[in-house]
Structures are given as C-alpha cells and as structure tokens.
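Descriptive analysis of the structure
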Amino acid sequence: MAPRRGTTRRRFLKSTALAVAGLGLPRALGGATADLKLKKPIKIGCQTILSGPLGGYGEFMRKGATLAMEEINAQGGIGGSPIEISFRDEELKVDVGVKNARYFVEDWGADFLIGIDSSAVALAVGEIMPSLDRVLIVTHGATEKYNEDLVFKRHVRQCFRVCVPVYQDGIASALVSKDLPVKRWATISPDYEYGHTSWRMFRAYLKRFKPDVEFVGESFAKFGTVDFSSHISKVMGSSPEGIFSTEWGGEAVTMVKQAKLFKVFEQTKAFMIGMGAAMDVLQGLGADYPDGVWASGRYYFGYPDSAENKRFNDAFRKRWDTYPSYPSETAYTAVQALKKAVEKARSVETEKVIEALEGLDLDRPAGKCVIRKEDHQAVYAVPWGQIRHDPKFPMPTLTNLKLFTTDEYYRKPPFAPVEG
Amino acid sequence: MLFQGLVGLSEAMYLWLVAAGLSLIFGVMRVLNFAHGSLYMLGAYFAWVAFRVSGSFWVALLAGPLVVAAVGWAMEFGFLRRVYSAPEAFQLLLTFAFVLMLDDAVKLVFGPVYQSPPTPAALSGAVLIGHSVLPTYHLFILGVGALVGFGLWVFLEKTSFGLVIRATAADREMARALGVRASRLFTWVFILGAWLAGLGGALSMPVRAISPGMGEFIIIEAFVVVVLGGLGSLRGAFVGSLLIGLLHAYGLLFMPVFELALGYMAMALVLIVRPWGLFGIREG
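Please read all numbers here as calculations on a predicted model, not as lab measurements.

1. Concerning the overall build of chain B
Within chain B one finds 11 helices and 2 strands. The helix and strand sequence of chain B, counted from the amino end, reads α-α-α-α-β-β-α-α-α-α-α-α-α. What you see for chain B is a C-alpha radius of gyration of 19 Å, in line with the 19 Å of a compact globule of 284 residues. Overall, the C-alpha framework of chain B stretches about 60 × 45 × 35 Å when taken along its three principal axes.

2. Brief notes about the overall build of chain A
If you tally the helices and strands in chain A, you get 17 helices and 15 strands. For chain A, whose C-alpha radius of gyration is 21 Å, the value lies close to the compact-globule estimate of 22 Å for 420 residues. Each of the three principal axes of chain A carries a C-alpha extent, and together these read 65 × 50 × 35 Å. Put simply, chain A has 420 residues, and 56% of those count as buried.

3. Examining the packing of helix α4 (residues 55-74) of chain A against helix α15 (residues 326-345) of chain A
Packed helices, taken two at a time, are described by the angle between their axes plus the distance between the axes. All names here are of chain A. Following both chains from N to C, one finds α4 and α15 inclined at 35°, their axes separated by 7 Å at the closest point. For α4 against α15, the interelement crossing comes out right-handed. Where α4 approaches α15, its residues Tyr57, Phe60, Met61, Lys63, Gly64, Ala65, Leu67, Ala68, Met69 and Ile72 are matched on the opposing element by Pro327, Ser328, Glu329, Ala331, Tyr332, Val335, Gln336 and Lys339. In terms of residue class, the contact of α4 with α15 is built from 12 nonpolar, 3 polar and 3 charged.

4. Quick word on the domain arrangement of chain A
Domain assignment breaks chain A into domain 1 (2-165 + 304-379) and domain 2 (167-301 + 382-409). Computed over C-alpha atoms only, the centres of domain 1 of chain A and domain 2 of chain A are separated by 28 Å.

5. As for the interface of chain A and chain B
Contact with chain A, which involves 31 residues of that partner, is made by 34 residues of chain B. Residues that form the side of chain A that touches chain B fall into these classes: 8 nonpolar, 15 polar and 8 charged.

6. Here we look at the environment of Val99 of chain B
All names here are of chain B. Position of Val99 relative to the elements: it lies in helix α4 (residues 88-110). Residues Val99 and Phe190 lie 91 residues apart in sequence; the distance between their C-alpha atoms is 16 Å. Residues within four places of Val99 in sequence aside, it is in contact with Phe34, Ala35 and Ser38.

7. What about the confidence of the model for chain B?
Averaged over every residue, the pLDDT of chain B is 91; residues scoring 70 or more account for 99%. For this predicted complex, the interface score ipTM comes out at 0.92, while the overall pTM is 0.89.

8. Brief notes about the confidence of the model for chain A
Across chain A, the average pLDDT comes to 91, with 92% of residues at or above 70. Note on residues 1-32 of chain A: pLDDT under 50 across the span, and 35 contacts to partners over four residues away in sequence or across chains.

9. What to know about the pairing of strand β14 (residues 384-388) of chain A
Residues and elements named next belong to chain A. Among the 5 residues that make up β14, 4 are buried, leaving the element largely enclosed by the rest of the structure. Taken together, the 2 bridges between strand β10 (residues 294-295) and β14 define a ladder with antiparallel strand orientation. Directly across from Trp294, in β14, lies its bridge partner Gln386. Relative to strand β15 (residues 397-402), β14 runs antiparallel, the two being bridged by 4 bridges. Its bridge partner being in β15, Gln386 is matched across the sheet by Thr399.

10. Quick word on the sheet that holds strand β7 (residues 214-221) of chain A
An order of β7-β6-β8-β9-β10-β14-β15 (chain A) is seen for the 7 strands of this open sheet, with the pairing classed as mixed. Lying at the two open borders of the sheet, with one neighbouring strand each, are β7 and β15 of chain A.

11. Things to note about the packing of helix α9 (residues 214-229) of chain B against helix α11 (residues 259-273) of chain B
Residues and elements named next belong to chain B. α11 packs onto α9 with a crossing angle of 30° between their chain directions and a minimal axis gap of 9 Å. When the axes of α9 and α11 are compared, the pair comes out roughly parallel. In terms of crossing hand, the pair formed by α9 and α11 is left-handed. Contacts between α9 and α11 involve Val224, Val227 and Leu228 on the former and, on the latter, Gly263, Tyr264, Ala266, Met267, Val270 and Leu271. Partitioned by chemical class, the residues of the contact of α9 with α11 number 8 nonpolar, 1 polar and no charged.

12. Concerning the sheet that holds strand β12 (residues 367-371) of chain A
Residue and element names in this part refer to chain A. Sheet architecture is open: 3 strands sit in the order β11-β12-β13, paired in antiparallel fashion. Each end of this open sheet is capped by a strand with a single partner; those strands are β11 (361-364) and β13 (378-379). Two strands pair when backbone bridges link them, and β11 and β12 are joined in this way by 4 bridges, in the antiparallel orientation. Looking across to β12, one finds that Asp361 is bridged to Val370.

13. Notes on unusual backbone geometry
All names here are of chain A. Put simply, Tyr303 and Pro304 share a cis peptide bond, and its omega is 0°. With respect to the helices, strands and loops of the structure, Pro304 is situated in the loop between β10 and α14 (307-320). Unlike most non-glycine residues, His155 shows phi in positive territory, near 55°. Its place among the elements puts His155 in the loop between α7 (144-153) and β5 (159-161). Unlike most non-glycine residues, His376 shows phi in positive territory, near 60°. In this structure, His376 sits in the loop between β12 and β13.

14. Comments concerning the pairing of strand β9 (residues 270-273) of chain A
Residues and elements named next belong to chain A. Both faces of β9 are covered, namely the face carrying Ala270 and Met272 and the face carrying Phe271 and Ile273. In this structure, strand β8 (residues 242-245) lies alongside β9, joined through 4 bridges in parallel fashion. Within β9, the residue paired with Gly242 across the bridge is Ala270. Bridge count between β9 and β10: 2 bridges; the pairing is parallel. The residue bridging Ile273 from the neighbouring strand is Ala295, located in β10. Crossover handedness for the path β9 to helix α13 (residues 279-285) to β10: right-handed.

15. Topic: the environment of Phe77 of chain B
Residue and element names in this part refer to chain B. Structurally, the position occupied by Phe77 is in helix α3 (residues 57-78). Using a count of 15 C-beta atoms within 10 Å as the deciding quantity, one classes Phe77 as partly exposed. Along the backbone, Phe77 and Tyr14 are 63 residues apart, and their C-alpha atoms lie at a distance of 26 Å.

16. Brief notes about helix α1 (residues 2-29) of chain B
Residues and elements named next belong to chain B. Here α1 is 28 residues long and its end C-alpha atoms lie 39 Å apart, about the 40 Å a rise of 1.5 Å per residue gives. The principal kink in α1, of about 30°, is found at Tyr14. The element α1 is extensively covered by neighbouring structure, given that 25 of its 28 residues are classed as buried.

Definitions and limits used
Residues numbered from 1 in each chain as written. Chains lettered and ligands numbered in written order. Predicted model: local features only at pLDDT ≥ 70, side-chain atom pairs only at ≥ 80, totals over all residues. Helix = DSSP H or I, 4+ residues; strand = E, 2+ residues; numbered from the N terminus. Rg over C-alpha atoms; globule rule 2.2 N^0.38 Å. Buried ≥ 20, exposed ≤ 12 C-beta atoms within 10 Å, placed from the backbone. Axes fitted to C-alpha atoms, helices over the stretch in contact; angles between N-to-C directions. Left-handed = near helix turned anticlockwise from the far one by under 90°. Contact = placed C-beta atoms within 7 Å. Nonpolar A, V, L, I, M, F, W, Y, C, P; charged D, E, K, R; others polar. Domains from an automatic or database assignment. pLDDT = per-residue confidence, 0-100. Pairing = 2+ DSSP bridges. Parallel < 35°, antiparallel > 145°, perpendicular 65-115°, else oblique. Right-handed = clockwise from strand over helix to strand, strands pointing away. Expected span 1.5 Å × (residues − 1). Bend = angle between axes of the 7 residues up to and from the residue.

Following this line, the structure appears as structure tokens:
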C-alpha cells in the first residue's frame, strides 16, 4: 500500500496545477481504471448552506467536494469520465432544498445528489428521491429519522448518508456525560429537528446509563439567532451543572462568546457542544474558546492517526490553506464513495449504483467504514474531546479524546423507539 | 424574572440603534432603506478591521461607525438622490440591490468565515444581580443605548438643526418654501442614520459572530419595530425596540413555543387597531 500511496500523492501534487486542464486530458494523467464508456461528464449536484451566519460551514463542504473532484479528474475521472459538481445554496429551507434537488436532476442533468445540512431538508428531499430516480448521499443532516424511518422502515432505497447521525450528538455524548460529575443538565439548542432530536436522545440514553440525572432547563433558539443572552439567562435560572448544546456554525460561536460573558463556564462543571469541533467554530472562536469544553463533530482532523487521514489533511491544506472541517471530509467521502460504487457497478444507473453502495467498504480520512445495507448509513466512529489551546496549531484543538466503538453508540436495526 | 427582562432590554439596544436610523431616514426622506441592516453589518466589519489594525476596541468603536457614515454619504449622494422623484418601488429596489451587493462584497473581501475578536477586557466582567450574573458588556450596551436616545432627543428638540429636520419631516414643501436646502439636509440625515446602524454593528462585533448576511436578520426585526412604533417616530422606534426585546425574553420564559410569533402578533395587532403605529402621526 505505502509506495502506491506515495506515487498517488506525488502525482496529485503535480496535477493540482493542472486540475482544470486535467478535465480536458484525463487519460494522459491517469487512466488507472479502464474507460467504462459512461456518459461524460458525470454530474453531481451538491447543496449546502452558503449564506448567512452558518454560511462558513457550507464553504467547508464545497472545499471538500471540490478537492475530491479535482483529485479524481486528475487521475482520469470515473472510468474515463470526468466529474462535474455544481453547488447551490440550501438556505436550510425545505422548499429551497426540494427546489434545488428538482433543478439539479430535471434541468441541470445531475446523475447524483450530495450535501444537505438541515435534517428537515434531508427528510423532504429524501421523500422525492424515488420520483427523481437518483441516488442522494447526505453529508451533514443528521436526524435518525433519515436512516431509521425513511430507509429502513419505508425502504426509500435511493437515500444514503456518509456522516454519523445524531448518535454522535445524542448517544456518544451521553457515554461521555455518564462519567462526569454532573447531575443537573440543561440545553440551549436549535429550534428545529436536529436540536430537538439530539436533546431527546441525550436524555433517554443518559437516563439509561445514569438514572439519577435530572434535566432541569431547556431553551430552543430559532435559526438565525444573533443573540443568545436571553436563552442563557433563562437556562441559567434553572441552576444547571452541565450545559448540553447542539448549536453549530456562527451560532455556536456567538453562543459560546456570550456564555463566557455570563460566566457560565465558572458556574457549571461541564459544557458540551456536539458540533463544537467543526473547523469553522474552532477558527471562529479562536482564543475565546474556553479550555475544557467538550466538543465533537462528524469527523475531527486529528483523528485517526492513519495514512489516509494524513494524506487528506496534507492535500486539503495544500489546496485550501486551512485545516479541513468535518463537512469537508463527509463531502469528500461522498464523492469518493460514488466513484467506487460507479466503478463497481460499471454504470451510473440508479439501481445498479444503489446495489454497489450497499455494504460498500470505504477507507476514508475518518477511518475505515462500511455503508450498512439495512439503513444505508455509513458506520464509523468519531471521538469526543476537550478544547485546549496548543501553540502548535493556529486554532484550538481537542485533547483527552474519548472514543467509543460504533457498536457502543450506533443504534441498530430494527431500531427500537427512543423512549423519553 | 425581572432579570430576564433586563437581559431582553440589553438585546433590544442593538435593534434600537438600527431602528432609530431607519425611522429617522424614513421620517425625513420618505425612503424605506432596505440596506439599513447591511450598514449594521458593515459597522461590525469595519470595526473589526479597525480592531485588527489598532488593537483597541475603543478605536474600533469610534472608527467603524464613521466609515459606515462615509458609505452612507456615498449611497445617498451617489445613488439615492437620483431616485427621490421616482415611485417608491424603485427606491425599494435600489436599496434592496445594495443589500445583495454589500453582502457579496463582504463575502468577497472577508470570506465566509465567522470573525470574532475577543471582548475587551474592561468589559468582560460581570455583576451579580440577586443570584443572576449580568455581563458588564450588557450594562455598557444599555448605557450606550440610553445615551444615544438622550443625545438624539437633545439634538432634535434643542438644536436649530434638529428643528429644521423636524420641520422638514412634518412638511417637506413648506420647509423648502421657507428656504431649507432639502438635498443637503437629506444627505446629513442619511449619514446620521448610517452612523447609528454602524454603531449598532460595531457594538455587536465583540459579542456576536460576524458573518456576511448578518444584517438580514436585524433588518426584519427593525422593520417590525418601526411599524410597531410608527414610521418616522424616534420615540416609537425606542419603545418598539424595548417592546420587542421584552416580548422575546419573556416569551422564551413563559411561552417558548410562540416566542417567534409574538413580535409579529404585536405588529399585526397594532396594524389593526392603530395602523399609523403607537407613536406615529395619522396621515390624511
């Protein structure tokens, strides 16, 4: 494996400059796989949040997908066909998301769809995938209803997901919390599907692991909240010992800054932010990120310590001059998974690609993973950790990593209801 | 309980600064400036640049709004004054075009990454009120909001320039007939309005994540405020802002499910009962 990876990297470095030109002469540079005589180019429609206070988040997804496209095209595309990716702003709105999906397939001629940040959008777009007859790979929207209900129970086979679901935010977090000296928990979370479902899952599982916990307060903030002061003062009124939050993007940045002003970190023993280790949050808070905050993501650039992760980090930093955020990795993986599946199926036909994706093994930057056949969910583990300021890095990083096996925290078919 | 209201009022101060400028500009110029939220955003970005250059929050607080005032001058002098005689829809379109252009310009120059300088050390403390912690910064914001309100009142009620502004707002034709140079006055009013929005943005810089599009959320609330308080009425903008702040804070506490709708419900109620707003002047 090692020497081959070396040549790939060298070839990639050389070809980055030729990335655009590479579209035109794929055969000259790569040609590792035979020409599968597929349609040219293979089109992938990607939608993500690209505007507003969470827009920095989508920017990282765009960078990840673009890097995958450039690498693949520099090596001859998929079976001789170059990839083309188009990006649209999802705006976290259901109607916009559905419109984007229809536009991609019906007007632009997309062969595959990837992306989607909002859980509600993922569910709505998932509903129309059978009629659009395309494969959708979700790279961020995390509700468990997507894999458990839509795919497993209702057999919407076109839907896949390569990012860890709310099991990360709601169950792995409970596994961390059961060992913390905290009995009274409260939440400040987004007032939509993701925020509510994570908090419900966290409560149900933590209660199971540690029956004497109490959930004393909650405040849900609408999308586009620019000030968390009254949410913080409301929740602190219930004297919690720990705060659980699933705010993300710029809203997480604002929330942490203001919680700091309200001295929340002095008054509580633990603060958990499910998506707090996303690069946009780490960079956005910078020196302001309090030490010891528990944070995670759907991938953390520092984990695992593998050759593939190192290669991805190097390539990403070389291309974009920043460390990758988790949507970068999940979008990168979605494109790579499509390449692998199409090569396996020797076709871009939806039904054949679905069969190829089911049970597919991936060696992705986040680690080795398999796409579970029953619910089309990629299964891999992401650590939780505590924020620290390491002078070796230009942004805060994680320390004291807590890693659980997927067996410990992934819900499994037939998916018993989450009580509570 | 009371504490929650105090926090709500401090949140309302940013809104007040934006709504004050919006209302002032409408009152005098009869222009509904959609781009007013974008001026708030520019205030935050310019203050952030000034902070990066000088390392001082106070310099940033001074410089940011002044640069926004200059942008306001360019907007009025270069563009808006050409459409005063055009139908209102054209004015709206022009200011809306500014929203899109400024958002994209900011994204182009600063990138989509959230910027967030640290809160100044002098203001990052907190005071204990009962058992609750109120950040010094929130007290500072309450003070600045009240000060600006008082300053505007003195300016409009006690100075001769303020008198001219009020006279023009009340009857543009008559003021013109009496020798008021409306075009110069409009420029100054727009600059003042822009400065107020810029001040709101600059104040938000160290405590809210700065991002492109951050103005779009506040402009909608500011519109609700000026409709509530009465278009063109500063007193209305002040009371309207406080009302929205309190509705938000107490709404979260007592009826979190409806919190989002409360402000709009208040606006709808005012529109039905008193369409010219709480402090607006009935026309016709």
